[in-house]
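# Notes for the structure review
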Amino acid sequence: FGSSFLGSCIRLGSRPLLAAMPHVFNYEKNEFEQVHYKKVPQRSTDNIKKRQRTSEACKFYMALEAEQTKKTEVRAKRREALGK
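Each chain carries its own residue numbering, running from 1 in the written order of its sequence. At least 70 in pLDDT is required for a residue's local features to be given in this predicted model, at least 80 for side-chain atom pairs to be given and counted, and no such filter applies to totals for whole chains, interfaces and linings, which use all residues. Excluded from the side-chain calculations are hydrogens and water; all other atoms, namely the structure's heavy atoms, are used.

By convention, a stacked pair of Phe, Tyr or Trp rings (six-membered ring in the case of Trp) has centres within 6.5 Å and planes under 30 degrees apart, an edge-to-face pair has planes over 60 apart, and any other such pair is tilted. This model, assessed by the stated rule, comprises 3 aromatic pairs. Note on phenylalanine 25 and tyrosine 27: the rings are 4.9 Å apart at their centroids and 75 degrees apart in plane angle, and the pair reads as edge-to-face. Three exposure classes are used, based on accessible area relative to the maximum for each residue type with a 1.4 Å probe and protein chains only: buried under 20%, partly exposed in between, and exposed over 50%. Of the residues examined, phenylalanine 25 reaches a relative accessible area of 28% and is grouped as partly exposed. Between phenylalanine 25 and phenylalanine 32, the ring centres sit 5.0 Å apart and the planes meet at 70 degrees, which makes this aromatic pair edge-to-face. Phenylalanine 32 gets classed as exposed once you look at its relative accessible area, which sits at 56%. One aromatic cluster in this structure is built from Phe25, Tyr27 and Phe32.

Dropping the structure here:
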């Protein structure tokens, strides 16, 4: 089969085939169901908030960076000692 055939099988119009049937949680049945994307109600973007970075997360990332810097220095010293 050619790539155009495969591309037409994977896509449905301009939308990917997988996005045509999103999973929505049904609280009455207590399980996820596949629903056609036209039946899913739109959500306003006013209620959607991006995850805010907390100071704890920043401290965690800074500690990881410091640890990696130390490892890099040790590796550089080891390579220098082996090279001599």
